[in-house]
Every structure is written in structure tokens, then in C-alpha cells.
Amino acid sequence: MPESLDWGRVIAAIAVMAAALVVAVVLRVLSGRLNKRAGDTRWAWDDLAARLLHDLAVPLSLLGGAWIAANVLNLKHGTLRVTAEVLTAATIIIVSLACARLIAGIVTSIALARQGVAANVTIFANITRVVVLGVGMLVMLQSLGVSITPLLGALGVGGLAVALALQDTLANLFAGVHVLASKTIEPGDYIRLSSGQEGYVVDINWRNTSIRTLSDNIEVIPNARFSDTILTNYHRPAQDMSLLIQARVAYGSDLEHVEKVVVETGTEVMAEVEGAVREAETLVRFHTFAESGIEFTVILRISEFGEQFRIKHEFYKRLHRRFQAEGIDIPFPVRRVLLPGEPAPGLAAVDR
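Computed from a predicted structure; not experimentally measured.

So, how was this worked out
Residues numbered from 1 in each chain as written. Predicted model: local features only at pLDDT ≥ 70, side-chain atom pairs only at ≥ 80, totals over all residues. Heavy atoms only, no water. Helix = DSSP H or I, 4+ residues; strand = E, 2+ residues; numbered from the N terminus. Buried < 20%, exposed > 50% of the residue type's maximum accessible area, 1.4 Å probe, protein only. Contact = heavy atoms within 4.5 Å. Areas by Shrake-Rupley, 256 points an atom, 1.4 Å probe, with all protein chains shown as cover. Expected span 1.5 Å × (residues − 1). Arc of directions from axis to C-beta. Patch = residues over 30% accessible without salt bridge, like charges linked within 9 Å, V, L, I, M, F, W, Y side chains within 5 Å. Salt bridge = Lys/Arg side-chain N within 4 Å of Asp/Glu carboxyl O. Pairing = 2+ DSSP bridges. Axes fitted to C-alpha atoms, helices over the stretch in contact; angles between N-to-C directions.

Enquirer: Please give an account of the overall build of the protein that cites residues and values.
Expert: Each helix and strand counted, the protein has nine helices and eight strands in total. Within the protein, the proportion of its 352 residues that are buried is 32%. Of the contacts formed within the protein by residues at least 6 apart in sequence, a portion of 66% connects residues at least 24 apart. Surface accessibility of the protein: about 21200 Å² in total, with carbon and sulfur atoms responsible for 63%.

Enquirer: Lay out the side chain of Arg318 in plain terms, naming residues and giving numbers.
Expert: With respect to the helices and strands, Arg318 occurs in helix H8 (residues 308-326). By relative accessible area, Arg318 is classed as buried at 14%. Contacts of Arg318, omitting those with residues within four sequence positions, involve Thr265, Glu268, Val269, Glu272 and Val273.

Enquirer: Outline H8, listing residues and values.
Expert: Along its 19 residues, H8 runs 26 Å from first to last C-alpha, staying within 8% of the 27 Å computed at 1.5 Å per residue. Listed as buried for H8 are Gln308, Ile311, Glu314, Phe315, Arg318, Leu319 and Phe323. With its buried residues spanning 160 degrees around the axis, H8 presents them on a single face. Residues of H8 that are exposed and point more than 90 degrees away from the buried face comprise Arg321 and Gln324. Along its buried surface, H8 packs onto strand E6 (241-249), helix H7 (255-272) and strand E8 (294-302).

Enquirer: How would you summarise unusual backbone geometry if you had to cite specific residues and measurements?
Expert: A cis amide bond links Arg236 with the next residue in sequence, Pro237, at an omega value of 5 degrees. On the secondary structure map, Pro237 appears in the loop between strand E5 (231-233) and E6. Even without glycine at this site, Asp216 takes up a positive phi of about 65 degrees. Structurally, Asp216 is set in the loop between strand E3 (208-212) and strand E4 (218-222). Under the relative-accessibility criterion, Asp216 is labelled exposed at 56%.

Enquirer: Please provide a residue-by-residue account of the environment of Val130, values included.
Expert: Its place among the elements puts Val130 in helix H4 (residues 123-143). A relative accessible area of 58% means that Val130 is categorised as exposed. C-alpha separation for the pair Val130 and Ala104, spaced 26 residues apart in sequence, amounts to 9.8 Å.

Enquirer: Which residues make up a nonpolar patch on the surface, and what values do they have?
Expert: Residues Val22, Val23, Val26, Leu27 and Leu30 make up a contiguous nonpolar surface patch of roughly 400 Å² in combined accessible area. Positionally, Val26 belongs in helix H1 (residues 7-39). For Val26, a relative accessible area of 43% gives the class partly exposed.

Enquirer: Please set out the sheet that holds E5 residue by residue, giving values where relevant.
Expert: The antiparallel open sheet is built from five strands, whose spatial order is E4-E3-E2-E1-E5. At either margin of the open sheet sits one strand with a lone partner, and together these are E4 and E5. Ignoring strand direction, the axes of neighbouring strands in this sheet form an average angle of 40 degrees. Where strand E2 (residues 198-204) meets E3, four bridges bridge the pair, whose relative direction is antiparallel. What sits directly across from Val201, in E3, is Ile211.

Enquirer: Outline the environment of Thr232, supporting the account with residue identities and numerical values.
Expert: Locating Thr232 in the fold gives a position in strand E5. Taking the C-alpha atoms as reference points, Thr232 and Ile191, 41 residues apart in sequence, are found 5.5 Å from one another.

So, to be careful, I would describe these as geometric facts and stop short of saying anything about function.
Printed below as a string of C-alpha cells:
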């Protein structure tokens, strides 16, 4: 407290705080408008800068007003020093929080630019926040006169103990970083594991990876699982892929005519159905003399794994209609039942 209560100084200090509050409100309103204006642009960096100003406007204005008010009150030297330390520590924490948010936003923007709009990677953003906040806490302690050298030594020993106790968690953390760094999978990819899980990658965080199945459910997989499993990524090396459709015709069919009809149907589907690669060629490959007919594979090209269901649906409907119109027979499986005492057809032919 001051040596003697000076109401003039008290009123002046209150006026300073009131002015600081007015400045804070004005800056808050202006930064809010700037933030909204920046949100209307496609450039991400102005959004981050506007958000930083929006976060720092009120707290720094009030802290600056508090420091000026403390000097106006003419506090004792010791009290003024403690006040300065407290305000400095508060400023460091506030700036650290804002910088952590800013740098995490920069990391997220870079991830979006490299991986596309479907990306939702939180692991790098979370690690960035922890590192920046940790550095901010150390700087704050140093500003308060606390020696951080013994603290760093204790953190080293404690970190070793924590690492031994949290082996699984750290294994998942480093596995997630490795997966992202190697680009084995990225958000938006459709993957299938040898253990049976499959779906679109939604997010990769510090512990697990979330995938959205075709039934719109979320499956959570520990990151360490990706290091010891066989993984198929249907979006690598490109999203478009071949779709193999199996079919069968009777032995009496004209295969040249069958191929012509199938290619025409496939070309029609490729040109009219969404999700197909229009410039791709429809291929037909006969491959098996089966029990009931001649089997063949139709090769179509689709833009993405999830489009296969629509393409199959349309192709089978149109091919069935064309086969009926062209008189092409789709054979049923045939089984002949021999009653006891009835000779087999082959044996009867030999006896004659």
C-alpha cells in the first residue's frame, strides 16, 4: 500500500483502470470485426493473425492498465516488485496460451494444405501446444526467480520413470507420428486392416486413429497396431481404382456377342453414373469353364472406393436387362440326382 492514502492517486488509478477497460473493449470489438473479415477470405494466415489479436486484446490491455495503476498509486518498492512479478508471470502465461493456439493453427493449416480439406490431424497440433506451453511455464518460473536448472534435472529423471510407466502410451504416440511422417495413411483415406477393421480415416491423435465405417460408425484403433498389421490403403497410389465384377453365361452363348453387349453396358454406366471414371475403357476377360457356364470378369474404373456400390448396382441392373433383350442366358447351377440302381450317363454310354 502507499505510504499514506492519497485519494487523488486512488482516483487516478481507478481512472487508469477504467481507461484500460475501455481500450480493451474497443480492441475486442475491432479485433472481432477483423476476425470476421478475415474469415471471409481464403487465406488462412490472416485468420490466425486476427485470432491472435482477438485473444491478446483484453488481457494485455488490462494487465498494462494494472501496471500503470500500480505506479500511479506509488506503492512501496517491495510491493511494486511483487506486483511486477505477478503481472509479468500472468503476461507470460497469456502470451504462451495465445502463441500455442497460433502455432497449433499454423501446423493445422500446413497439414490441410498438404493433405487436403478432409484432413483432421490433431496429433501434431497437440504436441505443439504442449511444447509451447511447457516453454512458457519455464520462462514464467524463471521470471519469478525460480531456478529451472534443478527442475530440468528432476524432469529428466522423472521423464525416464514416466517413460517406463507409460510404454504403451508412448508407443502409440510415436507410432502415430511415424504413420503421419511416412504418409502411410492420411485423413480421408479408406483403409482395411488384416484384422478386419476398415473404413475412412477420420483423425489421428496422440493415442489412436479413428476410422468411419461404411455404416457410419466410428472404430478406434491404437496407433501401435499399425506397426504389426498388414494394411491396405485404397487411396494409394491414387484414389481411382479398378472394380472387378464377376458374371457368367451359358456354354451355348456366342462369346463375341456377349463381350460386345457387356462392353456397351459398361461404357454406358461409365458415361452416365456418378462416381465412374468416364474416360476409362471397359474390359471383359473370360477365364473359367465352370460347372454351370463360362465365367468372366468385367473391369470398370471408379473414382473412389466408396463409389463401387453405386456402380455395381447400376451395372448389374443394366446388364441383366440387356441380357434378357439379347437372349443371352444366365445359367443356374445344375445338379442331377441319380437314384439307387440308375446308371450314370457316362457309364451307360460306355456300355452301349
